[in-house]
Amino acid sequence: MTVRNASEGILSDDKSAQREELIELLRKAYWMEIETVMSYIANSVNPDGVRAQEIIEALKTDITEELGHAQQFANRIKELYGVVPGSMDFTAEQSYLQPPDQQTDIVHVIKGVIEAESGAIEHYNRIIEFTDGIDYVTQDMVIGILGDEQAHRRLFEGFLREYQAEGLA
Ligand SMILES: [Fe+2]
Ligand SMILES: [Fe+2]
């Protein structure tokens, strides 16, 4: 393998420790996106009722975006000389997005989505800070993804407001 010198930034040999740390942050992001895809598929099918339809449509759109994010994180892991993990490494964390007892409980779904998006926003802000001055390509990619997550959360905060205004949440 050729020696990669300091002028190559994050890809240089003397940055291998930082690169490993960054790859670990990206792996976590990758799993978060994968789990969100699972949770949003379930929650775009399970809800019942007239008011559920808007939530279902919004989640269906998000599934495609979250899947795209997972692929972006996977590609970036490889570009940084990491390996995209296999499914046996996966650990579920989204306890708040499990199916509610009643499938008409839309508030449960809305709150769960807001929590998932907030978790992503927090983790991606951390990556943006970590990459500052180190890896602008990853930073630029994650800034774009962060914008998507902010838009997702804002949409669901709007849904929640409607329920709160009516004293239902
Ligand atoms: Fe995402
Ligand atoms: Fe999202």
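Scroll up to find the structure.
These notes cover the structure that comes with them. These figures come from a predicted structure and were not determined experimentally.

Cut-offs used in this document
- Residues numbered from 1 in each chain as written.
- Chains lettered and ligands numbered in written order.
- Predicted model: local features only at pLDDT ≥ 70, side-chain atom pairs only at ≥ 80, totals over all residues.
- Heavy atoms only, no water.
- Donors = N, O, S within 2.8 Å, 3.2 Å for Na, K, Ca; no water.
- Buried < 20%, exposed > 50% of the residue type's maximum accessible area, 1.4 Å probe, protein only.
- Salt bridge = Lys/Arg side-chain N within 4 Å of Asp/Glu carboxyl O.
- Helix = DSSP H or I, 4+ residues; strand = E, 2+ residues; numbered from the N terminus.

## Digging into the coordination of the iron ion (ligand 2)
Donor atoms from the polypeptide that coordinate the iron ion (ligand 2) comprise Glu66 (OE), Glu117 (OE), Glu117 (OE), Glu149 (OE) and His152 (ND1), at 2.0 to 2.3 Å from the metal. Expressed as a motif, the donor residue spacing for the iron ion (ligand 2) is E-x50-E-x31-E-x2-H. Of the residues examined, Glu149 reaches a relative accessible area of 1% and is grouped as buried. Note on His152: relative accessible area 5%, which makes it buried.

## Quick word on the pattern of salt bridges
In the structure shown here, the tally under the stated rule is 7 salt bridges. Close ionic contact of Glu57 with Lys60 constitutes a salt bridge, the shortest N to O distance being 3.7 Å. With Glu57 and Lys60 both in helix H2 (residues 52-79), this residue pair falls 3 residues apart, about one helical turn. Judged by relative accessible area, which is 44%, Glu57 ranks as partly exposed. A salt bridge links Asp135 to Arg76; the shortest N-O distance between them is 3.1 Å. Residue Asp135 is found in the loop between helix H3 (106-131) and helix H4 (136-165), and its partner Arg76 is found in helix H2; the two are separated by 59 residues along the sequence. Judged by its relative accessible area of 2%, Asp135 is buried. When its relative accessible area of 8% is taken as the criterion, Arg76 is described as buried.

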